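Listed here are the chains, written in short residue letters.
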Amino acid sequence: ETRQTIQRFLTLVEGTGGCVEESEKSLVRLLDELAVLVSKLPGDLPFVDSPEAPERDFQSTYSLVAQRFPNFGYYNTVSEISQNINSASVVVGDAIDDVTDIFLELREVMWIWERSGSEAALYQFRETYSNHWGSHLRELQCYLLAYSRGV
């Protein structure tokens with residue numbers, strides 16, 4: 001299930017053509033599915049060594065995402081969520097950057113899956129969610145909810 005959902009996310013982002021609104025709706029669903037899949041993983045996944053993935057091409061991926069989701073843009077978020085309550089500052093998020101970072105992380109998970117198997121890939125999936133792309137996913141979900149409501 002995890003592998004298929006990751007592949008659907010990658011295919012959505014890499015896709016060309018189609019209705020922008022339908023792509024946006026699919027993205028919302030896939031982000032929800034990815035978050036649920038992470039929560040279902042056991043907490044004691046063992047580390048499995050795997051080869052280092054190839055270098056990422058952030059700029060061309062960012063351009064691809066910008067073409068795929070042309071209505072997305074910048075949004076407000078806060079510098080700190082659980083500390084310095086009522087004194088955190090507003091910072092600017094970038095929905096295109098968020099999708100790009102999630103895409104690159106998940107492409108690496110699939111690369112590991114194909115070379116080192118599911119244990120190594122699921123470990124990478126959970127760890128990179130916890131350490132990086134999970135924040136992008138959650139902030140992007142908030143943005144997309146506001147975006148869908150026009151606020």
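Residues numbered from 1 in each chain as written. Predicted model: local features only at pLDDT ≥ 70, side-chain atom pairs only at ≥ 80, totals over all residues. Heavy atoms only, no water.

### Re the overall build of the chain
Then, in step 1: For the chain, the helix and strand inventory stands at five helices and two strands.
Then, in step 2: In the chain, the succession of α and β elements from N to C terminus is α-α-α-β-β-α-α.
Then, in step 3: In terms of C-alpha radius of gyration, the chain reaches 16 Å, essentially the compact-globule figure of 15 Å for 151 residues.
Then, in step 4: Viewed in the frame of its principal axes, the chain has a C-alpha envelope of about 45 × 45 × 25 Å.
Then, in step 5: Here the chain holds 151 residues, and the buried ones make up 43% of them. (Helix = DSSP H or I, 4+ residues; strand = E, 2+ residues; numbered from the N terminus. Rg over C-alpha atoms; globule rule 2.2 N^0.38 Å. Buried < 20%, exposed > 50% of the residue type's maximum accessible area, 1.4 Å probe, protein only.)

### So, unusual backbone geometry
Then, in step 1: We note that Asn-86 has phi near 70°; this positive angle belongs to a residue other than glycine.
Then, in step 2: Within the secondary structure layout, Asn-86 lies in the loop between β1 (74-78) and β2 (90-94).

### With respect to helix α5 (residues 118-149)
Then, in step 1: Here α5 is 32 residues long, yet its end C-alpha atoms lie only 38 Å apart, well below the 46 Å a rise of 1.5 Å per residue gives.
Then, in step 2: At Tyr-129, α5 shows its strongest bend, of approximately 65°.
Then, in step 3: Immediately downstream of α5, the backbone of Gly-150 shows phi near 75°, a positive value. (Expected span 1.5 Å × (residues − 1). Bend = angle between axes of the 7 residues up to and from the residue.)

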